[in-house]
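Structure at a glance
What follows is the residue order along each chain.
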Amino acid sequence: MGEANAYVRFQGTVRSPRGHFPGVFALVNNLAREGKLTAEQERFRRAGNDWYDAAYTDPSTVDPSVYDDRVNPGAVAWFKPTAVGLIARVGGYLEILAAHGVDCRLLRSADPGRVVYEDAHQVVVVPYERLAHLRL
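Definitions and limits used
Residues numbered from 1 in each chain as written. Predicted model: local features only at pLDDT ≥ 70, side-chain atom pairs only at ≥ 80, totals over all residues. Heavy atoms only, no water. Axes fitted to C-alpha atoms, helices over the stretch in contact; angles between N-to-C directions. Helix = DSSP H or I, 4+ residues; strand = E, 2+ residues; numbered from the N terminus. Parallel < 35°, antiparallel > 145°, perpendicular 65-115°, else oblique. Left-handed = near helix turned anticlockwise from the far one by under 90°. Contact = heavy atoms within 4.5 Å. Nonpolar A, V, L, I, M, F, W, Y, C, P; charged D, E, K, R; others polar. Buried < 20%, exposed > 50% of the residue type's maximum accessible area, 1.4 Å probe, protein only. Pairing = 2+ DSSP bridges.

At their nearest, the axes of helix H1 (residues 24-33) and helix H5 (residues 90-99) sit 10 Å apart, and the two run at 50 degrees to each other. One finds that H1 runs oblique with respect to H5. Seen from above, H1 lies across H5 with left-handed handedness. Listed contacts from H5 to Val24, Phe25, Leu27, Val28 and Leu31 of H1 are Val90, Tyr93, Leu94, Ile96 and Leu97. By residue class, the composition of the contact of H1 with H5 is ten nonpolar, no polar and no charged.

Written as structure tokens, this is what we have:
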């Protein structure tokens, strides 16, 4: 699978207490919970989150255990390369993170981990690095 056909993930550069790198939406939602967003940023976040919720499936509503660390340690979501509409709206979230000095990086991978959930737009995987720790 070439880079144009690779899965895509936007994630922070600092591990969370759970040991994974939070995705772009979690990072912005955390800023909101901490009361750090401006009124304009909060309007964007709310409208964006509402759009995503209406347009795309939240994997945890299909399988409540998908992000359960005991069942799927370190599970994270990746966009499928065909999820153009989903990916196109991430830019505003990245702008919010940049305005608050929160680093976020773009990752591409043909094989990001063991797939534990899949739909037309995304996969949720347990990264291979987490699976290796389980085998120790």
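What follows deals with the pairing of strand S1 (residues 7-12). Along S1, six of the six residues are buried, which leaves the element largely enclosed by surrounding structure. Side chains of S1 alternate between two faces, with Tyr7, Arg9 and Gln11 and Val8, Phe10 and Gly12 buried alike. Where S1 lies against strand S3 (residues 104-109), six bridges are found, and the strand directions are antiparallel. Bridge pairing links Tyr7 to Ser109 in S3.

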